[in-house]
Every structure is written in structure tokens, then in C-alpha cells.
Amino acid sequence: ADVSAMTYRASVFLSPKLMENPGRITLYLAHELSHLHLYQHIGGYRYIKVPTWFSEGLAAYASKGGGADRVTDSDVGVSIASGNHFYPHDTAGIRDLFMKRNASYWNIEHEFKHHLFYRQCMAFVAFIQRQHPTEFRKFLLDLEKGLPFKKAFAISFGTDTEAKWNAFKIDIGRSGANRYRIIF
């Protein structure tokens, strides 16, 4: 695998290959620190119960595109419109430690499939956050308090991840993925 950075338990690891493009270090470090922050605030056991699409989407969103910088918002719109995308399940657990639901799991096809997966996740998280900024904050606080992801999502947004994803796909079809891009 072509890994540039990762968080494992309470540690962040950066690959020396990031030195080939020093401008990306800040993005990748911020991405990994987002994972670490969530892990430290909700704990390891609860962290593994957060779906991959959300933890990666939040990390990419918080880092202004870290880990998703080799693809464009246009790539997101085209891939989602063509069905080349993930599905936002609302549960995760021990099995996800051994078989992460990432780009390979969803059979996402692209030269930079993991970047595309992260950018799709980031766009979906941005959609939710921009639609419901107050509820999004409450959702994160509910996760920190120990509410299960599925329950916290339903309480905060009044729906499930599938219905929210369908609304996102309709919105992206109307307005394009550029609406959810992160302004750097």
C-alpha cells in the first residue's frame, strides 16, 4: 500500500516520502491529528465503532483536504453520478479493524482511489455540517458522551445515514461537488 501517514492507537506516523513534497506535510499531519483527537476524546473502543467514511471524511474536512489532495471536486461529482462511490453505513465494529471499509472495499475505481474515497467522504461530511452546523456540533459532542454513532446521527439530524446520503446525491446532481469543496 502507498501510505503517506497513519494514526495507530495514540500515535501518528508520517512517511519520509512526504519530504518529496513538503507542502503536503501540513495537510497530512492535520488529517492524522484529527483522527488522534477523535480517538482521544471518545476512546479506543468507541472509536472503532465510528464508520470509516465518517472518521476519514471528518479528518479530510478538518485538514482542508489532507489525504484527498490528488483528486478534484469534479472527480467526486462524476464518480458519485456514475455509481463509483462508497455507501455510508451507520455502524462499525471489530470486523472493521480487519477489513476497513475503504476505497478497496467499495471497489472504487480511480488512479488515486483512496484520495477519491477520502474526498467523497469529505464532501458528504461537509454537506451534513453545512446543512446542520449546530446539530453537527451536537452530534460530535454526543459521540464524545458515548452515544452510539447510529443513535447520535438519528437524534442530531432526524434521519439515518442512507436518507442523508440520498439527499446529498440529489444535491450534488443539481449543484455539483464544487459546492462542498473546502476553500483553502
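Preceding block: the structure.
Computed from a predicted structure; not experimentally measured. (Residues numbered from 1 in each chain as written. Predicted model: local features only at pLDDT ≥ 70, side-chain atom pairs only at ≥ 80, totals over all residues. Heavy atoms only, no water.)

> Sorry if this is basic, but what is going on with the overall build of the chain here?
When its secondary structure is counted, the chain shows nine helices and two strands. For 184 residues, the compact-globule estimate of 2.2 N^0.38 gives 16 Å, and the chain sits close to it at 15 Å. Taking the principal axes of its C-alpha atoms as reference, the chain extends roughly 45 × 40 × 30 Å. Every one of the 184 residues in the chain was classed for burial, and the buried ones make up 45%. Of the contacts made within the chain by residues no fewer than 6 positions apart, 68% connect residues no fewer than 24 positions apart. (Helix = DSSP H or I, 4+ residues; strand = E, 2+ residues; numbered from the N terminus. Rg over C-alpha atoms; globule rule 2.2 N^0.38 Å. Buried < 20%, exposed > 50% of the residue type's maximum accessible area, 1.4 Å probe, protein only. Contact = heavy atoms within 4.5 Å.)

> Could you clarify how one ought to interpret the environment of Gly44 in this entry?
Counting through the fold element by element, Gly44 comes out in helix α2 (residues 44-47). Taking the C-alpha atoms as reference points, Gly44 and Val71, 27 residues apart in sequence, are found 30 Å from one another.

> Even after reading the chapter, I still don't get helix α3 (residues 52-62), so can you show me in this structure?
Helical geometry note: an α-helix holds 3.6 residues per turn, so side chains three or four residues apart project in the same direction. By the criterion of burial, α3 is predominantly enclosed, with nine of the eleven residues buried. Every buried residue of α3 is accounted for by Thr52, Trp53, Phe54, Ser55, Glu56, Gly57, Leu58, Ala59 and Ala60. Contacts made by the buried residues of α3 are with α1 (25-42), α2, α6 (113-131), α7 (133-145), α8 (149-157) and α9 (161-175).

> Which parts of the structure should I look at to understand the pattern of salt bridges?
When charged atoms on two side chains of opposite charge get close, those side chains can pair. A full pass over the atoms with the stated rule returns four salt bridges. In this structure, Asp69 engages Arg24 in a salt bridge whose closest nitrogen and oxygen atoms are separated by 2.7 Å. One end of the pair, Asp69, is in the loop between α3 and α4 (73-81); the other, Arg24, is in the loop between β2 (11-14) and α1, with 45 residues separating them in the sequence. Look at Asp69 and you get partly exposed, because its relative accessible area is 27%. In this structure, the salt-bridge partner of Asp171 is Arg174, at a minimum N-O distance of 3.7 Å. Linking Asp171 with Arg174, this pair stays in helix α9, spanning three residues, or about one helical turn. (Salt bridge = Lys/Arg side-chain N within 4 Å of Asp/Glu carboxyl O.)

> Teacher, can you tell me more about the packing of aromatic side chains here?
What describes a pair of aromatic rings is the distance from one ring centre to the other and the angle between the planes of the rings. Scanning all chains against the criterion turns up 24 aromatic pairs. Where Phe54 meets Phe136, the ring centres are 6.2 Å apart and the plane angle is 50 degrees; that geometry is what we call tilted. Remark: Phe136 occurs in helix α7 and Phe54 occurs in helix α3; sequence separation between them is 82 residues. Taken as a pair, Phe54 and Phe136 share a single burial class, namely buried. (Phe/Tyr/Trp six-rings, centres within 6.5 Å; stacked < 30°, edge-to-face > 60°.)

> Before we go on, may I ask you to explain the packing of α6 against α9 in this structure?
When two helices pack together, their arrangement is given by the angle between the helix axes and the distance between those axes. Across the interface, α6 lies against α9 with an axial gap of 10 Å and an inter-helix angle of 95 degrees. Between α6 and α9, the interaxial angle falls into the category roughly perpendicular. Taking contact as the criterion, the partners of Ala123, Phe124, Phe127, Ile128 and Gln131 in α6 are, on α9, Thr161, Lys164, Trp165, Ala167, Phe168 and Asp171. For the contact of α6 with α9, the residue count by class is seven nonpolar, two polar and two charged. (Axes fitted to C-alpha atoms, helices over the stretch in contact; angles between N-to-C directions. Parallel < 35°, antiparallel > 145°, perpendicular 65-115°, else oblique. Nonpolar A, V, L, I, M, F, W, Y, C, P; charged D, E, K, R; others polar.)

> Would you explain the nonpolar core in this entry?
In a soluble, globular protein the nonpolar side chains are often hidden away together inside. Counting 32 residues, the largest nonpolar core has Trp53 and Phe54 as its most contacted members. Those elements giving two or more residues to this core turn out to be α1, α3, α4, α6, α7, α8 and α9. Apart from residues no more than four positions distant in its own chain, Trp53 is found in contact with Phe86, Pro88, His89, Phe117, Cys121, Phe124, Val125, Ile128, Phe149, Phe153 and Thr161. (Core = buried A, V, L, I, M, F, W, Y, C linked by side-chain atoms within 4.5 Å.)

> Whenever I open this one, the side chain of Ser34 confuses me. Can you help?
Counting through the fold element by element, Ser34 comes out in helix α1. When sequence neighbours within four positions are dropped, the list of residues in contact with Ser34 reads Leu58, Ala59 and Ala62.

> When you look at unusual backbone geometry in this model, what are you seeing that I'm missing?
Peptide bonds are trans in most cases, and residues, glycine excluded, mostly fall at negative phi. Notably, Lys64 is not glycine yet its phi reads approximately 60 degrees, a positive angle. Mapped onto the elements of the fold, Lys64 is located in the loop between α3 and α4. A positive phi angle, near 55 degrees, is found at Asn107, a position not held by glycine. Along the chain, Asn107 turns up in the loop between α5 (95-98) and α6.

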